[in-house]
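Single-letter residue listing:
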Amino acid sequence: MWALRQPGPGRFERVEVPAPTAGDLRDGEVLLRLKAGAICGSDVPKFLGHLDPDNPYTGHVGVPLHEIVAEVVASRADALPPGCRVVGIARTSHGLAEYLINPASLLHRLDGGLDDVRSTIVQPVATALSTLNRMPDVRGARVAVLGLGPLGLLFTHALKSRGADRVIGVDRVDRSDVAATFGVDELVTTNTRQWADTDWDDDKRPSVCVEAIGHRQEVVADAITALAPHGHLFVFGLPEDHYVLPMRPFFRKHLTLQAGTTVDWRRYLAGAEAYVHEHPELSASYITHVFPMSRAQEAYETYAQPAAGRLKVALTAEF
C-alpha cells in the first residue's frame, strides 16, 4: 500500500509498505481504507519536526494526520460493518496511509448526506461540542474566542447557536469575510495582548473565554486579564508542558480555569454530524482548500501559514 513518511522536517515522501489485513484485527477494531482527511493545527508541529512528547510516533509512516473519513474494509466491531463509511480519529495520527487499523470507539458511521471531503468537518465540530458541553451555560453571555483559525471559528458558531448574547473573536488575521457566517458579533483584528489591555468596564468584559490558539502561556494570561470577575476560561489550544499564570488577578477575580480533551468520541461525532446537517453553511464555508495526497506537502505548508481566506485544508486519497 502507499503511505507518506517524513524524511525530514517539513517534507513528505511516498513509500510502499505492507498493508494490514483482516487477520491483524483485534476485537473492537476495523480495517479502514482512507477516503479523505483534514489537517489540524496540532498536526503542524509534527510536520515541522518539533518535539511532540504526547506522540512517540512522530516521524513514523503515516504521521501526522488524525482527522479522517474512511471506508470499512474488514471489521471486528458489530456497529461498523464492511462497506460503511466512517469519520473520526486515526489512532496515533497514522492517517497518511492507504489502509490503517483503528479502534471502532474512535469512529462514527456516516449517514451519507455529505461527500468524503465535506464529511471531515464532523470531527472538529465534535471537539467543539464536547468542550462546550463541559462549560457553563452561555445563554445571554458575552463570550470571547481567542484565535479564529478553523477550530476557533467553529467555537464562535457553536457559542452563538447556543444563545450567547455577544460573541467576540480575536485574531491577528482579518476574518471579516467569514465573521458573520460563523457567528462573530465583534471582530477584533489584533493580538490578544492589545485586546486584553483595553480599558473597559467590568460589564463589557467577557464572562466566558475560549483559548483556541495553543502553545503560548501568554495567551492564557491575556484571557485572565480580559475576563470579567467570576469568569470562566477554557484552554482548548494544545498546551506546552508548563505554564506560569498571573495568579493574583486570577485569584482576585474568582475565575475558573478548565481544560481537557474529548473522551466519548462516538457520542460527540454523532452529535456533530447532526449539527453539520442542521447548519449547512458550515459545510459550504469551512473547507477552503482541497489537495490530492500527491500534494500533501503543499497542503501542510498552506495550513502552516495562517492567512485571510484560508480556513480548513483537506486532502483526498488520490495520487
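Scroll up for the structure.
Below is a summary of the structure that appears in this document. This one's a predicted model, so the numbers in the text were calculated from it and none came from an experiment.

### Let's talk about the overall build of the protein
Consideration 1: Looking only at helices and strands, the protein has 10 helices and 15 strands in total.
Consideration 2: Scaling as 2.2 N^0.38, a compact globule of 319 residues should have a C-alpha radius of gyration of about 20 Å, and the protein matches this with 20 Å.
Consideration 3: In terms of principal-axis extent, the alpha carbons of the protein reach across some 65 × 40 × 35 Å.
Consideration 4: For the protein, the proportion of its 319 residues judged to be buried stands at 53%.
Consideration 5: In the protein, the share of contacts with a sequence separation of at least 24, taken over all contacts with a separation of at least 6, comes to 70%.
Consideration 6: Accessible surface computed for the protein: about 13900 Å², of which carbon and sulfur atoms make up 49%.
Consideration 7: Seen as two clouds, the 32 positive and the 39 negative side-chain charges of the protein have centres 2 Å apart.

### Thoughts on the layout of surface pockets
Consideration 1: Empty space within the second largest pocket amounts to approximately 190 Å³.
Consideration 2: Lining the second largest pocket are Met 1, Pro 20, Val 61, Gly 62, Arg 91, Thr 92, His 94, Ala 97, Tyr 99, Leu 100, Ile 101 and Asn 102.

### Brief notes about the sheet that holds strand β12 (residues 232-235)
Consideration 1: With parallel pairing, the 6 strands of this open sheet are ordered in space as β10-β9-β8-β11-β12-β13. Among the strands making up the open sheet, the edge pair consists of β10 (186-189) and β13 (256-259). Pairwise comparison of adjacent strand axes, ignoring direction, gives a mean angle of 15° for this sheet.
Consideration 2: In this structure, strand β11 (residues 208-211) lies alongside β12, joined through 4 bridges in parallel fashion.

### Concerning the nonpolar core
Consideration 1: Of all hydrophobic cores here, the largest spans 48 residues; its most connected members are Val 122, Val 125, Val 143 and Leu 159.
Consideration 2: Residue assignment for this core shows that the elements contributing at least two residues are β5 (85-89), α3 (122-133), β8 (142-146), α4 (150-161), β11 and α8 (265-278).
Consideration 3: Not counting residues within four places of it along the chain, the set of residues in contact with Val 122 comprises Val 87, Leu 110, Leu 269, Ala 272, Glu 273 and Val 276.
Consideration 4: Ranked by size, the runner-up nonpolar core spans 30 residues in total, among them Cys 84, Val 86, Tyr 303 and Leu 315.

### Comments concerning empty space enclosed by the protein
Consideration 1: Enumeration over the complete set of coordinates arrives at 1 cavity of 30 Å³ or more.
Consideration 2: When contributions to the lining of the largest cavity are tallied by element, the ones reaching two or more residues are α3 and α4.
Consideration 3: Tallying contributions element by element places α3 first for the lining of the largest cavity, with 3 residues.
Consideration 4: Residues that form the lining of the largest cavity fall into these classes: 6 nonpolar, no polar and no charged.

### A word on the side chain of Thr 190
Consideration 1: Inspection of the secondary structure assignment puts Thr 190 in the loop between β10 and α5 (192-196).
Consideration 2: Owing to a relative accessible area of 18%, Thr 190 belongs among the buried residues under this scheme.
Consideration 3: Apart from the residues within four sequence positions on either side, Thr 190 is in contact with Val 170, Asp 171, Arg 172 and Trp 195.

### Remarks on the environment of Phe 234
Consideration 1: With respect to the secondary-structure elements, Phe 234 resides in strand β12.
Consideration 2: Taking relative accessible area as the criterion, Phe 234 reaches 0% and is therefore assigned buried.
Consideration 3: Considered as a pair, Phe 234 and Val 145 are 89 residues apart in the sequence and their alpha carbons are 9.7 Å apart.
Consideration 4: The residues touching Phe 234, leaving out its near neighbours within four places in the chain, are Thr 131, Arg 134, Met 135, Cys 209, Val 210, Glu 211, Gln 258, Ala 259 and Gly 260.

Each value, and the rule that gives it
Residues numbered from 1 in each chain as written. Predicted model: local features only at pLDDT ≥ 70, side-chain atom pairs only at ≥ 80, totals over all residues. Heavy atoms only, no water. Helix = DSSP H or I, 4+ residues; strand = E, 2+ residues; numbered from the N terminus. Rg over C-alpha atoms; globule rule 2.2 N^0.38 Å. Buried < 20%, exposed > 50% of the residue type's maximum accessible area, 1.4 Å probe, protein only. Contact = heavy atoms within 4.5 Å. Areas by Shrake-Rupley, 256 points an atom, 1.4 Å probe, with all protein chains shown as cover. Lys, Arg positive; Asp, Glu negative; His and termini not counted. Charge placed at Lys NZ, Arg CZ, Asp CG, Glu CD. 1 Å grid on protein atoms, 1.4 Å probe; cavity = no way out; pocket = protein on both sides within 12 Å on 5 of 7 lines; lining within 4 Å. Points joined across faces, edges and corners; volume = space filled by probe spheres on them. Pairing = 2+ DSSP bridges. Axes fitted to C-alpha atoms, helices over the stretch in contact; angles between N-to-C directions. Core = buried A, V, L, I, M, F, W, Y, C linked by side-chain atoms within 4.5 Å. Nonpolar A, V, L, I, M, F, W, Y, C, P; charged D, E, K, R; others polar.

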